[in-house]
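# Residue-level structural notes
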Amino acid sequence: MNYDSEILFVLSEAGAKGLSIKKIARHVFNNNNSLFNVVSFEDIYRYVAGYLNRNSRYNDSIIERTEIRGVYRLNQSNTSRQLHFDFKSDDTEEQTNNVKTSEDKSLSLF
């Protein structure tokens, strides 16, 4: 169960307004549920609610509660900004690796 990174990704996409627990759980559920890997929404909801509760207790936590009950966002203070992760993928590095592996290294028959 590696839902932690997905929760942080959803909160980073949500911005300063934040999202409710149910919406965050719905995003995580949709990303992890498939035809061959069926996951219960109640289990994910419980995990997301517990994770948000554990990681928003202190003022310098990476996640903070908003003024609205049940809505969370990423903490934008200076001390917690160092804990943010960069979720962007570097496509140029992947493309150069693919080009290197696609070279024809077979032996010549003639």
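Our subject is the structure listed above.
Quick caveat: nothing in here was measured; it's all calculated off a predicted structure.

Turning our eyes to something else, we now look at the packing of helix H2 (residues 21-32) against helix H3 (residues 41-54). Pairs of packed helices are described in terms of their axes, by the angle between the two and the distance that separates them. Direction vectors running N to C along H2 and H3 enclose 125°, while the axes themselves pass 9 Å from each other. On the basis of the axis angle, H2 is oblique to H3. Along this stretch, H2 crosses H3, giving a crossing that reads as right-handed. Contact residues: Ile21, Lys22, Ile24, Ala25, Arg26, Val28 and Phe29 in H2; Phe41, Ile44, Tyr45, Val48, Ala49 and Leu52 in H3. Taken together, the residues of the contact of H2 with H3 break down into 11 nonpolar, no polar and 2 charged.

A few words now on the packing of aromatic side chains. Within the structure shown, the criterion is met by 4 aromatic pairs. Pairing Phe29 with Phe41 gives two aromatic rings, centres 5.6 Å apart and planes at 90°, and the pair type is edge-to-face. With Phe29 in helix H2 and Phe41 in helix H3, this residue pair connects regions lying 12 residues apart in the sequence. For the residue pair Phe29 and Phe41, the accessibility class agrees, reading buried in each case. With centroids separated by 6.2 Å and ring planes inclined at 40°, the aromatic side chains of Phe41 and Tyr45 adopt a geometry described as tilted. Pair noted here: Phe41 and Tyr45 are both in helix H3, with a separation of 4 residues, about one helical turn. When its relative accessible area of 34% is taken as the criterion, Tyr45 is described as partly exposed. In this structure an aromatic cluster arises from ring pairing among Tyr3, Tyr47 and Tyr51.

Rules used throughout
Residues numbered from 1 in each chain as written. Predicted model: local features only at pLDDT ≥ 70, side-chain atom pairs only at ≥ 80, totals over all residues. Heavy atoms only, no water. Axes fitted to C-alpha atoms, helices over the stretch in contact; angles between N-to-C directions. Helix = DSSP H or I, 4+ residues; strand = E, 2+ residues; numbered from the N terminus. Parallel < 35°, antiparallel > 145°, perpendicular 65-115°, else oblique. Left-handed = near helix turned anticlockwise from the far one by under 90°. Contact = heavy atoms within 4.5 Å. Nonpolar A, V, L, I, M, F, W, Y, C, P; charged D, E, K, R; others polar. Phe/Tyr/Trp six-rings, centres within 6.5 Å; stacked < 30°, edge-to-face > 60°. Buried < 20%, exposed > 50% of the residue type's maximum accessible area, 1.4 Å probe, protein only.

Any link to function would need more than the numbers given here.
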